[in-house]
Amino acid sequence: MNNPAQTQAVGRRFAFAPGLMALLCAALGLGLAAHHPLSAWGAVLGFVALAALAARFWLQTPLILLGLLPLLGLAPWSGWITFEEMDLLALALGAGGYMAWGARPWSRRQHLPAARRGLVLTPGLSLLLLLWAGAQLLALQRGFADAGGFVFGWFQGYQEPMNSWRVLKSFFLALLLLPLWLEAAARAPTRLAQSLQWGMVLALLGMALAALWERLAFPGLLNFSSDYRTTALFWEMHVGGAALDASLAMTAPFALLALLRARRAWQFLALMGLGLLAAYAAMSTFSRIVYLALPLSFALLLGLRARQARTPGQTQVSAPLTSEQRLGLALWGLGFLGAAVLVFMGGGYRGLAALMGAALLSLGLPPALWQQLPAQRRTIWLLALLAAGLLLGLGAFLAQAVPKSAYVLYALVLLVNLALLVWQSQRRPFLDTLGATLVLGAWMCLLGCVALVAGYWGGWVGWATAGVAVLTLALLFLVILQRPSLWPWAEQDRNSWRQRGLALTALLIAAAGVAALDGGSYLLHRVGNSQIDSQFRMQHWRQSLGLLSTAEDQLLGKGAGRFLAQQYFSGLKDSHVGDYRIRQDAGHNYLRLSAGQHMLGYGEQFRVWQRLPMPQGAVRLQAKLRTSKKLQLHIELCERHLIYPDNCLVLQREIQPSADWQPLQLELGNAPLKSGPVYAPRMVAFALAVATPSGQLDIAELSLRDGHAGGQGASLLRNGDFSQEMAHWFFSSDRFHMAWHAKNLAVHLLFEQGWLGLGLMGLALGLALWNLSLGRGRQHPLAPALAAALLGLLVVGAADSLLDAPRVGLMFYTLLLFALCLQATPEDEAAPA
């Protein structure tokens, strides 16, 4: 027996370290919060609230961190990019979590045995992380040196010294929380693992809802012809990039794993809905690399999970499908997918929706249908086909005579199908030959109504394409009826609803892909330009790596956060982008706004902008300007989320050179702005840009007033005199992105951290994937999702830098640390797959 007093003394001794960490996190976090540009008091109160939440649920901090991460990005309002809300979130979780650990210390004897902990940091991994942290610090030092030395600033841009900290901070924030997660794994490994999974699921939900709002508010929910690419709430995409793409690739595998493991119908339906929302968000990015990353990561997840299920001692919720059943399911899926292509071609979204309703009810056909004799099944099919033909003829007549009768008839037949399915589920036994004829006949009639809906909407083209699709599906079901071994649900199985739900989810996502491809020209245009784009990217990579001119540069890199600056001074015209600086004149701040040397079309201009309340009436601009050469000033007031202005009031004004400040007063007129519906409000931004290549303009004392109070009210702009530097101001390069990013994760690491940084990253990723697939973590329930998430990020990383977006970096490093330290416990190895 242990001496209680001795155990308590040991606990107190070990409480000092987490207490010190809590104080460090609290001091840093409160210091940051006190300087928040939007509201210092609001930020401090939010920090304290998050810290208290973390103290209460410190064993589940990944849930809070990852669930909030995609939503906490206020840079377009605050002007902060070096520091941001992500920093406050991580520090608050550290402050609350470490404080709770210190207040309730456990001795080593109280911890779970090493074999039952969900995370284990071995000496080898400790050494790797130590070396990696040293390499990151070296990259930070080289970044400061390349920028001319360390200079602190709250609002520095991408070419200034603090950008080096901006791109590396994610690694250190994840490392800061690692001891907390290791302690949680030693006390409650299952709760920690669940918090990681559901944190990623919540992150996906947040991104999907943000993408849905953005599409509703701006281009339109079903507008796939516009070149508007969704960014959700990732402000990091203001100069291009793939922050949303990478986050979707990392979070989607966890949602799929949760769907596969769902035990309750409501949970399954909720996750199914999330999957459809996430699929829509992914499609609306128009990102070809996402379309590749998600299937590859899902395939890896399913493969690793299937191998886990084959392990002795594992139990399964449903019996696995036979090879013939998999073939039948594939025929069903391909049949409906091919039908979706044909129906959408002529019947549009309405025809496609009608077809998906028929697909849903096909999964509800009762097993007793396949229990009839072969001759009876053929007879049933013929009678059902005859009934469908008669209804189709009647419906075609009604559709010509009565407007919208096709939709009404489809709805009525749908209700009859549902009533028959409910009836059969309550009767024992139900399906004799007559009953089977009724069920199959009603479903075949529903198929016929699909042709009615498509024909009513699309005319003879809709009739023709939908008719071919419907007849093909009818013949396919004749084959499946004659071979009961092909249908996965030919026998009663109370757990088969999960398999049917998964099949329907996959079909709906595939059908949505058909709609995205067929419903708009932009995606087809991007797919057609893939080869040209890849050539541009490879040329960009060669030019970028060509700047590593010395052996030292190749070994250690140019320094963290120095890619854009090195491109800027490379001498290449297309790499010399726009920029801004805060300068002083007679003790007063002003903004120096510069244009790039590249072509400056409407989308290529470097804009500095600020979000505004909706203006009322005519708008008037006042400013003081100064320039050394004649240039064009671009002024716009637009509806804008991030990089796609719409419904703009645009003016161009020629500014003459002057050594002194010259006043500018402009009547901009009435802006054609719309506030949007309550559920999808639009945002408004005022923007300035220099429209002359290499032009440089000094701007001071900006004010923008609308018709409120007779035009004498307060300025709509905050910090128009730049006395708070860039607070409330933001910037974007709407369509000129290449120079801002290496456009490849490996090239990015090699350029900024050299072979040393790239090698350590590669080693960590290799060890993590080994651990998840072949090592001690392979039987952990989260191993398939973690491996799939890392693979998804690497695939997206083939086309973008990714880690120059801090929130993406924090999510990635969190997953990587879990993957490196993960180990399966005896409970995990016996858990249901």
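Procedures and definitions
- Residues numbered from 1 in each chain as written.
- Predicted model: local features only at pLDDT ≥ 70, side-chain atom pairs only at ≥ 80, totals over all residues.
- Heavy atoms only, no water.
- Core = buried A, V, L, I, M, F, W, Y, C linked by side-chain atoms within 4.5 Å.
- Buried < 20%, exposed > 50% of the residue type's maximum accessible area, 1.4 Å probe, protein only.
- Helix = DSSP H or I, 4+ residues; strand = E, 2+ residues; numbered from the N terminus.
- Contact = heavy atoms within 4.5 Å.
- Disulfide = S-S within 2.5 Å.
- Pairing = 2+ DSSP bridges.
- Axes fitted to C-alpha atoms, helices over the stretch in contact; angles between N-to-C directions.
- Patch = residues over 30% accessible without salt bridge, like charges linked within 9 Å, V, L, I, M, F, W, Y side chains within 5 Å.
- Areas by Shrake-Rupley, 256 points an atom, 1.4 Å probe, with all protein chains shown as cover.
- Salt bridge = Lys/Arg side-chain N within 4 Å of Asp/Glu carboxyl O.

> Quick question: what am I supposed to make of the nonpolar core here?
Most often, soluble globular proteins keep nonpolar side chains buried together rather than apart. In terms of nonpolar packing, the biggest core is built from 262 residues, with Leu440, Trp443, Phe686, Leu704 and Phe812 touching the most fellow members. Broken down by element, this core gets its largest block of residues, 23 residues, from helix α16 (residues 433–482). Those residues in contact with Leu440 that lie beyond four places of it in its chain are Leu365, Leu369, Ile380, Trp381, Ala384 and Leu481.

> Please clarify how the state of the cysteines should be interpreted in this entry.
Among covalent bonds in proteins, the disulfide is the one between the sulfur atoms of two cysteines. For the coordinates displayed, the defined rule picks out one disulfide. The disulfide that involves Cys638 links it to Cys648, with 2.0 Å between the sulfurs. The sign of the 120° torsion about the S-S bond sets the Cys638-Cys648 disulfide as right-handed. Pair noted here: Cys638 is in strand β5 (residues 631–639) and Cys648 is in strand β6 (residues 646–655), with a separation of ten residues, a long-range link. The class of Cys638 is buried, set by a relative accessible area of 1%. Of all cysteine sulfurs, the one in Cys449 lies closest to Cys445, which takes part in no disulfide; the gap is 6.9 Å. Residue Cys821 stays outside any disulfide, its sulfur separated by 18 Å from that of Cys25, the closest cysteine. Since its relative accessible area comes to 1%, Cys821 is described here as buried.

> How should the sheet that holds strand β10 (residues 730–733) be read in this particular structure?
Within a sheet, each strand pairs with its neighbour through backbone hydrogen bonds, oriented either parallel or antiparallel. With antiparallel pairing, the five strands of this open sheet are ordered in space as β6-β5-β8-β3-β10. Every other strand in the sheet has two partners, leaving β6 and β10 as the edge strands with one partner each. Taking each pair of neighbouring strands and ignoring which way they run, the sheet shows an average axis angle of 25°. Of the pairings in the sheet, the one linking strand β3 (residues 606–612) to strand β8 (residues 684–690) comprises six bridges and is antiparallel in character. Counterpart to Leu612 in the pairing with β8 is Val684.

> Just checking my understanding: could you explain a nonpolar patch on the surface for this structure?
A surface patch of nonpolar side chains, amounting to about 380 Å² of accessible area, comprises Leu138, Leu555, Trp755 and Leu756. Structurally, Leu555 is set in helix α20 (residues 551–556). Leu555 sits in the partly exposed class, given a relative accessible area of 48%.

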